[in-house]
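# Close look at the chain arrangement
Listed below are the residues making up each chain.
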Amino acid sequence: LTESIAVRLRAVIDNHGLSQRSLAERVGVSQTFVSAVCRGKSLPSIPLVLGLHREFGVSMEGFLLATLRMGSDAASNILLSLSLSLSLSLSLSSGH
């Protein structure tokens, strides 16, 4: 699954003609962190996922659900709670 997340992030970078550094600057994380996620060495963080959603319309659920499948029970519960809260908040702010 880490490879799946890495592939998704590399696709965002490629599809928008960005470097890892420019993506990192746009979403507010370090280039080192983006590189680690792209190499499958790190899981995406909430700031990265939120930034990808805000800047490029990337589905937060896809990244969060893949992360849920990999983490500990505590991390899974936190991410699930954040995902549901964010989805509800976005839904309410868009009037749906």
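Above this text sits the structure in question.
The present account deals with the structure reproduced in this document. (Residues numbered from 1 in each chain as written. Predicted model: local features only at pLDDT ≥ 70, side-chain atom pairs only at ≥ 80, totals over all residues. Heavy atoms only, no water.)

Another aspect to go through is the nonpolar core. If you look at the biggest cluster of nonpolar residues, it comprises 17 residues, and the most contacted ones within it are Leu9, Leu23, Val34, Leu48, Leu52 and Phe56. If you list the elements that add at least two residues to this core, you get α1 (2-15), α2 (20-27), α3 (31-38) and α4 (46-56). Discounting residues that sit within four places of it in the chain, Leu23 has contacts with Leu9, Val12, Ile13, Leu18, Val34, Leu48, Leu52 and Phe56. (Core = buried A, V, L, I, M, F, W, Y, C linked by side-chain atoms within 4.5 Å. Buried < 20%, exposed > 50% of the residue type's maximum accessible area, 1.4 Å probe, protein only. Helix = DSSP H or I, 4+ residues; strand = E, 2+ residues; numbered from the N terminus. Contact = heavy atoms within 4.5 Å.)

In this section: α4. Every buried residue of α4 is listed here: Leu48, Val49, Gly51, Leu52 and Phe56. The buried residues of α4 occupy an angular sector of 165 degrees when projected down its axis, which confines them to one face. Looking at the residues trailing α4, positive phi occurs at Gly57, about 70 degrees. (Arc of directions from axis to C-beta.)

For the rest of this paragraph, the subject is the environment of Ser35. Take Ser35: it is sitting in helix α3. Using a relative accessible area of 16% as the deciding quantity, one classes Ser35 as buried. Separated by 29 residues in sequence, Ser35 and Ala6 have C-alpha atoms that sit 9.3 Å apart.

For the pair α2 and α3, the least separation of the axes is 8 Å and the interaxial angle reads 115 degrees. Regarding α2 and α3, the two cross each other, and that crossing is right-handed. Along its contact with α2, which presents Gln20, Arg21, Leu23 and Ala24, the element α3 presents Gln31, Val34, Ser35 and Cys38. Here the residues of the contact of α2 with α3 sort into 4 nonpolar, 3 polar and 1 charged. (Axes fitted to C-alpha atoms, helices over the stretch in contact; angles between N-to-C directions. Left-handed = near helix turned anticlockwise from the far one by under 90°. Nonpolar A, V, L, I, M, F, W, Y, C, P; charged D, E, K, R; others polar.)

Quick look at the environment of Ile13 now. Secondary-structure assignment places Ile13 in helix α1. Each C-alpha atom, one on Ile13 and one on Leu23, is 6.9 Å from the other, the two residues being 10 residues apart in sequence. Contacts of Ile13, omitting those with residues within four sequence positions, involve Leu18, Ser19, Gln20, Leu23, Val34 and Cys38.

Coordinates in, geometry out; function isn't part of it.
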